[in-house]
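Chains, contacts and geometry: an overview
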Amino acid sequence: MISLPTIVASLALSTAAHALNPIDVRGQDFIDTVTKNRFVIVGIDYQPGGQGAYNPTNSQDPLSNGTVCLRDAALMQSLGINTIRTYNVDPSLNHDDCASVFNEAGIYMIVDVNAPLAGESIDRSNPGSSYTLAYLTRIFGVVEAFKNYPNTLGFFAANEVVNDVPTAKTNPPYMRAVQRDLKDYIAAHSSRPIPVGYSAADVREVLQDTWAYLQCAINGSSSDTSRADFFGLNSYSWCSGGNYQTASYGTLVSMFGNSTIPVFFSEYGCNKPEPRTFDEVLALYGSQMTVLSGGLVYEYSQEPSNFGLVDLYDNGTVQLRTDYDNLQAQYNKLNVTLLETSNASATALSPPACSSGLITSSSFSTNFTIPQPPAGAAALISSGISNPNNGKIVPVANTAVPMAVYASNGGLISGLALKPVNGSNTPNGANTGGSASISSGPSGTSTAAASATSKGAASDPLMHDPTTNTIAAALAAMLTFWML
């Protein structure tokens, strides 16, 4: 007779985790450190529930519920995504289940270290007052929580701290200071380098100077840790029905043509008119724009700002929107070989030495004297924060999505599951909504929504305990097989 411990041991062996290859920065490109292929971001911004989903008092953030992440990762994998960006995380929470699910799906994570509560970000109106030891302790906690996940691609040190001409005079030195502190902490406490960068507003009066200020090396030194490793741009200039010229994409290509760090869209996807057709995808990933390293569509879930690809309901069910279908159709046209082809000249670029001559506007800071860390920061960076919450990859035992998921036409999508992969996920020709069965589910979009809100999945305690749910299901299946 086969003993229960033997079955459990076999289960553990059968669910050994895959590990994505770390991503490195070489000149203008992201590079897979193992395959040496170029890595281009085909991504999505992921903040279910919007800014309000981050709530330390309720012990939750977007990456703290493994069952929800399984559902969303399966839909993103089918969509063709290889990267998510998440804005607000609580470093005290356990993110192992979610990080492991995305790792298994071939999806990297770029994590913002800041959050919307007081003291958890640099105040663009008064940066000096918010650059404190308590602030650094908090963002170093985010590093500790995510540094051990192989699919942590990088950290955003700040988002739109410069968003107009007035903020361009005082804030840039503090942006470099935070980048320096994060990179120094990572160097002291991480087993591998993890890139650190900035996400910029597409405000053309300050955009080029922001990039020029952050990508240069002070005194031309390659060891300048205040320099950004990558530069994200939140751009909504191409609306459905637009084109390369009307969106000024050519201007961006010229602006960043000699970049010595990867540049990508950290947000994109104008939502006028609706539904979005995502015509810009073929341009962004085409031969005219290889100077950019892809982008992240804003955003996964439908929120009040009306940019969602899916509708989420309180009981855990989901319905795809037409935007999801349209984006998937565009991704399926991409030339993956072109995306993975690196350019030797692009990876060999060296940064310019910082100087006032790099800055085009008299209203933008030319001060490259970076603020000293606050008192106590040097010891904190050297010794590390107290009681860090270190994440780790764990086995993903169950890959089947337990919630109901509906297509944009209201049909029930059957058999949705995560497919473990080796290497990063790529657009794969899938048609997620095409597997929906109209006879099995609601007959239309409004009916699907009503059905979703009437189901009681949210009250099922197993829905909120992925470990119990997945192990129980797997054990049941193995025991059934053994008894036959």
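Residues numbered from 1 in each chain as written. Predicted model: local features only at pLDDT ≥ 70, side-chain atom pairs only at ≥ 80, totals over all residues. Heavy atoms only, no water.

Attention now goes to the overall build of the protein chain. Broken down by element type, the protein chain carries 16 helices and 16 strands. Across the 484 residues that make up the protein chain, the buried fraction comes to 54%. The contacts in the protein chain between residues at least 6 apart in sequence include a share of 80% that link residues at least 24 apart. When the accessible area of the protein chain is evaluated, it comes to approximately 18,600 Å², of which 54% is carbon and sulfur surface. (Helix = DSSP H or I, 4+ residues; strand = E, 2+ residues; numbered from the N terminus. Buried < 20%, exposed > 50% of the residue type's maximum accessible area, 1.4 Å probe, protein only. Contact = heavy atoms within 4.5 Å. Areas by Shrake-Rupley, 256 points an atom, 1.4 Å probe, with all protein chains shown as cover.)

A word on the environment of Arg38. By secondary structure assignment, the location of Arg38 is in strand β3 (residues 38–39). Overall, Arg38 belongs to the buried group, its relative accessible area being 7%. Each C-alpha atom of the pair Arg38 and Leu338 lies 9.3 Å from the other, and the pair is 300 residues apart in sequence. Each residue touching Arg38, except ones within four places of it in the same chain, is listed here: Asp29, Phe30, Ile31, Thr290, Leu292, Ser293, Leu339, Glu340, Thr341 and Ser342. A polar atom in the side chain of Arg38 sits 2.7 Å from the backbone oxygen of Thr290. Engagement of the side chain of Arg38 in a polar contact is seen with the backbone oxygen of Leu292, the distance being 2.9 Å. (Polar contact = N/O pair within 3.5 Å; in protein donor to acceptor, adjacent residues only side chain to side chain.)

This part takes up empty space enclosed by the protein. Summed over the entire model, instances satisfying the criterion amount to 2 cavities of 30 Å³ or more. By volume, the largest cavity is sized at about 60 Å³. What lines the largest cavity is Arg38, Val40, Leu284, Tyr285, Gly286, Met289, Thr290, Leu292, Gly294, Leu338 and Leu339. Here the second largest cavity defines a volume of roughly 50 Å³. Its residues assigned to classes, the lining of the second largest cavity shows 2 nonpolar, 4 polar and 4 charged. (1 Å grid on protein atoms, 1.4 Å probe; cavity = no way out; pocket = protein on both sides within 12 Å on 5 of 7 lines; lining within 4 Å. Points joined across faces, edges and corners; volume = space filled by probe spheres on them. Nonpolar A, V, L, I, M, F, W, Y, C, P; charged D, E, K, R; others polar.)

A barrel is described by the order of its strands in space; here 8 strands give the closed sequence β4-β5-β6-β7-β8-β9-β10-β11, paired in parallel fashion. Averaged over all adjacent pairs, the angle separating strand axes in this sheet is 25 degrees, with direction ignored. (Pairing = 2+ DSSP bridges. Axes fitted to C-alpha atoms, helices over the stretch in contact; angles between N-to-C directions.)

Taken as a class, soluble globular proteins show a tendency for nonpolar side chains to be buried jointly. By size, the foremost hydrophobic cluster in this structure holds 111 residues, and its most contacted members are Leu63, Phe146, Phe231, Phe256, Tyr285 and Tyr331. Considering each element in turn, this core owes the most residues, 8 residues, to helix α5 (residues 133–146). The contacts of Phe231, once residues within four sequence positions are left out, are Tyr198, Ala200, Leu207, Thr210, Trp211, Leu214, Phe256, Ile261, Pro262, Val263 and Phe264. By size, the runner-up hydrophobic cluster in this structure holds 12 residues, among which are Phe156, Phe230, Phe264 and Leu296. (Core = buried A, V, L, I, M, F, W, Y, C linked by side-chain atoms within 4.5 Å.)

The strand order across the open sheet formed by 3 strands is β1-β2-β3, and the pairing between neighbours is antiparallel. Each edge of the sheet is formed by a strand with only one pairing partner; in this case those strands are β1 (23–26) and β3. As paired strands, strand β2 (residues 29–32) and β3 are joined by 2 bridges and run antiparallel to one another. Paired with Ile31 across the two strands is Arg38, which belongs to β3.

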